[in-house]
Amino acid sequence: MAIDKNEPSKLRWGELEEDDDLDFLLPPKEVIGPDENGIKKVIEYRFNDEGNKVKITTTTRVRKLAKARLSKRALERRNWDKFGDAVREDVGSRLTMVSTEEILLERPRAPGTKPEEAKASGDGLAQLSKGGAVLMVCRTCGKKGDHWTSKCPYKDLAAPVESFVDKPAAAETSAAAPGAGKGAYVPPSMRANAERTTGSDMRRRNDENSVRVTNLSEDTREADLHELFRSFGAVTRVYVAMDQKTGTSRGFGFVNFVNREDAQRAINKLNGYGYDNLILRVEWATPRTN
Amino acid sequence: MRPILMKGHERPLTFLKYNRDGDLLFSCAKDHTPTVWFADNGERLGTYRGHNGAVWTCDVSRDSMRLITGSADQTVKLWNVQKGTQLYTFNFGSPARSVEFAIGDKLAVITTDPFMELTSAIHVKRIAGDSTEQTEESVLVIKGPQGRINRAVWGPLNRTIISAGEDAVIRIWDSETGKLLKESDKESGHKKTITSLTKAADGSHFLSGSLDKSAKLWDTRTLTLIKTYSTERPVNAVAMSPLLDHVVLGGGQDASAVTTTDHRAGKFEAKFYEKILQEEIGGVKGHFGPINALAFNPDGKSFSSGGEDGYVRLHHFDPDYFNIKI
């Protein structure tokens, strides 16, 4: 197997062992300059401890902090000696550092919108984060997710049922807010609830199907309540009151059912039920005379 | 944008000033040591040691050779910018609150606080080209306003001096005779202490910020009120962009920002307003304490803010800042 020494580019790695002369040669260091993202790659070849050739690729991001075209005087000033307290300083001192956070010039938002809360939080709430498409309800024809009332192709056919919603825009984004962990309580009238076939009645009745659960243990969360109560029927909303400072439950919460009968059955069955070493108390949220 | 944080001061910042070329940033704080930084990457160049009290104010000459600082130790000092050495010290009977070089750097206007029996005063001192010939004598001393004079600046062509302070009235004085030429109208003017003044790049109008949670834009020659910008927080510092029609207000009170938040940056923000439309463009958050000082780089592409938290935050604008439309 003759190796052509005049054309090293034809060398095959597997055959190199036979040729000791070329072992000390390392390919030259390559610098792939900063590309449009500022990524710079430096490829070096070295001999490691065992005498093997290793290829080391260093990838760095080169960030240009500012494009300063300095005047001649400014350039001179750049070379001034440090004085005062900066005398014993080196370039790596931690007085000056680039912020780890990206800070934006935040444009002012209309009141009631919370752009930060529009993150998907999974477990069934993901649908709320789908840009609000699911919540686009037309009051005239009742079709969901297709168009807003003002854009209804059947505008002239039927007048809108009721105008109890202030702003569709606010409802759309504020619906995302309770979806993001119930941090901000948005009253039901401001949420764009899916079922709106009979307009407000549906929503109000939903609130009338609210069940209060007390004597909850400290680590009971919304998910626990949901799991516990769903066997009685469709649950639209669960809420557990939390102590902001400690992060524990304050011992009570609310569950909203779709159907009143489900709520009644839940009360009957779960009142006095032992859950996490405590006896639950389950009752209507506001005193009801059946 | 990724602001550059500079923590060189142990105490709250009081004032920030860029030099004319925009490559140096001077910061004054209550920790007695004014500091100079490079304005592109925030690297510290040096500190000026010598004052014995909080440094309230500073100004740098146009050739960036000399720095003048005013301090609560009742002195105003001239420094060699490059070496950090003191050139001269003016002594006063009370803390110096504001200094500014005149156009041409041959004069400087200095304001002093009311202290014991002394009332507040505006002094004009001649600055000699050669510091060895510097004398203490004042060219002019103006007394009159009640309360502290927080800021005094030169008017166009050094013909006038504009002063503003605790009595919420802006006054324009003749710089040669010391006569009061104009006063701002009580009705339309500020209602509480004026904390800061900044001039437009061409000197035709200036902005005043006050603890009454507003900032007002005035015409320099006639002292008519042109615009008003209102915020929810007392304004401690104001700045005007030399490039775009933006004004920036900074301020804040401690008690108002008590929220639990998962941000690592603080909640105090510098608010940007459209100068002509008076509308808020946005805010730049980050400071952990009220903002006490704001300054725009003369090229308009970056600005810095100094806060009660002792940090100076240097922001280089993203390209889309220049495309903001209301």
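Residues numbered from 1 in each chain as written. Chains lettered and ligands numbered in written order. Predicted model: local features only at pLDDT ≥ 70, side-chain atom pairs only at ≥ 80, totals over all residues. Heavy atoms only, no water.

The condition is simple: UniProt positions are given in the numbering used here, feature names are shortened, and annotations may be inferred rather than shown by experiment.
Per an unreviewed UniProt entry, the recorded name for chain B is Eukaryotic translation initiation factor 3 subunit I, and the organism is Gossypium hirsutum. Under the Subunit (unreviewed entry) heading, UniProt states for chain B: "Component of the eukaryotic translation initiation factor 3 (eIF-3) complex."

Chain A has the name Eukaryotic translation initiation factor 3 subunit G in an unreviewed UniProt entry, where Gossypium gossypioides is given as its organism. UniProt annotates chain A under Subunit (unreviewed entry) with the comment "Component of the eukaryotic translation initiation factor 3 (eIF-3) complex." Its UniProt record gives chain A the following Sequence similarities (unreviewed entry) comment, quoted word for word: "Belongs to the eIF-3 subunit G family."

## Regarding the overall build of chain A
Defined as follows: Strands here are runs of E lasting at least two residues and helices are runs of H or I lasting at least four, both read from the DSSP assignment and numbered beginning at the N terminus. Each residue is assigned to one of three classes by its accessible area relative to the maximum for its type, calculated with a 1.4 Å probe on protein chains only: buried under 20%, partly exposed between the two thresholds, exposed over 50%. Residue contacts follow a heavy-atom distance rule, with two residues in contact if any of their heavy atoms lie within 4.5 Å. Only the protein chains shown count as cover for residues, and the accessible areas themselves come from Shrake-Rupley with a 1.4 Å probe.
Check the secondary structure of chain A and you find five helices and eleven strands. For chain A, the proportion of its 290 residues judged to be buried stands at 28%. Taking the intrachain contacts of chain A between residues at least 6 apart in sequence as the baseline, contacts between residues at least 24 apart amount to 44%. For chain A, the exposed area adds up to about 19600 Å²; of that, 50% sits on carbon and sulfur atoms.

## Considering the state of the cysteines
All names here are of chain B. What counts here: Criterion for a disulfide: a pair of cysteine sulfur atoms within 2.5 Å.
Under the criterion given, the structure shown has zero disulfides over all chains. Not engaged in a disulfide, the cysteine Cys28 finds its nearest cysteine sulfur in Cys58; these two sulfurs lie 3.2 Å apart. Under the relative-accessibility criterion, Cys28 is labelled buried at 0%. Accessibility expressed as a relative area gives 1% for Cys58, which makes it buried.

## Quick look at the interface of chain B and chain A
Here is the rule we go by: The term salt bridge refers to a pairing of a side-chain nitrogen on Lys or Arg with a carboxyl oxygen on Asp or Glu at a separation within 4 Å. Two N or O atoms count as a polar contact when they lie within 3.5 Å, although within protein this holds only if one can serve as hydrogen donor and the other as acceptor, and sequence-adjacent residues are included solely when both atoms are side-chain atoms. Classification convention: Asp, Glu, Lys, Arg as charged; Ala, Val, Leu, Ile, Met, Phe, Trp, Tyr, Cys, Pro as nonpolar; all other residues, Gly among them, as polar. Two strands pair under a simple rule: DSSP has to find at least two bridges between them.
Facing 49 residues of chain B, the contacting portion of chain A comprises 33 residues. Linking chain B with chain A are eight salt bridges, by the criterion used here. Between Lys285 of chain B and Glu106 of chain A there is a salt bridge, with the nearest N and O atoms lying 3.4 Å from each other. The interface formed by chain B and chain A holds 21 residue pairs in polar contact (both at pLDDT 80 or more) in total. Going through the elements one at a time, strand S1 (4–6), strand S4 (35–38), strand S5 (44–47), strand S25 (280–286) and strand S28 (312–316) of chain B are the ones with two or more residues in the side of chain B that touches chain A. The greatest single-element share of the side of chain B that touches chain A, amounting to six residues, is contributed by S25 of chain B. Taken together, the residues of the side of chain B that touches chain A break down into 19 nonpolar, 14 polar and 16 charged. Bridge analysis of strand S5 (residues 105–106) of chain A against S25 of chain B gives two bridges, and the strand direction is antiparallel.

## A closer look at helix H4 (residues 222–229) of chain A
Residues and elements named next belong to chain A. Selection criterion: An arc is given here, and it is the one of the directions from the helix axis to the C-beta atoms.
Within H4 the residues assigned to the buried category are Glu222, Leu225, Leu228 and Phe229. With its buried residues spanning 130° around the axis, H4 presents them on a single face. Exposed residues lying more than 90 degrees from the buried face of H4 are Ala223 and Glu227. Residues of H4 that are buried make contact with strand S6 (210–214), strand S7 (235–242), strand S8 (249–257), helix H5 (260–270), strand S9 (274–275) and strand S11 (281–284).

## A few points about the side chain of His123 of chain B
Residues and elements named next belong to chain B. Residue position: His123 is located in strand S12 (residues 121–126). At 3.2 Å, the side chain of His123 forms a polar contact with the side chain of Thr112. Sequence-distant contacts of His123, that is, excluding residues within four places in its chain, are made with Phe92, Ala108, Val109, Ile110, Thr112, Ser138, Leu140 and Val141.

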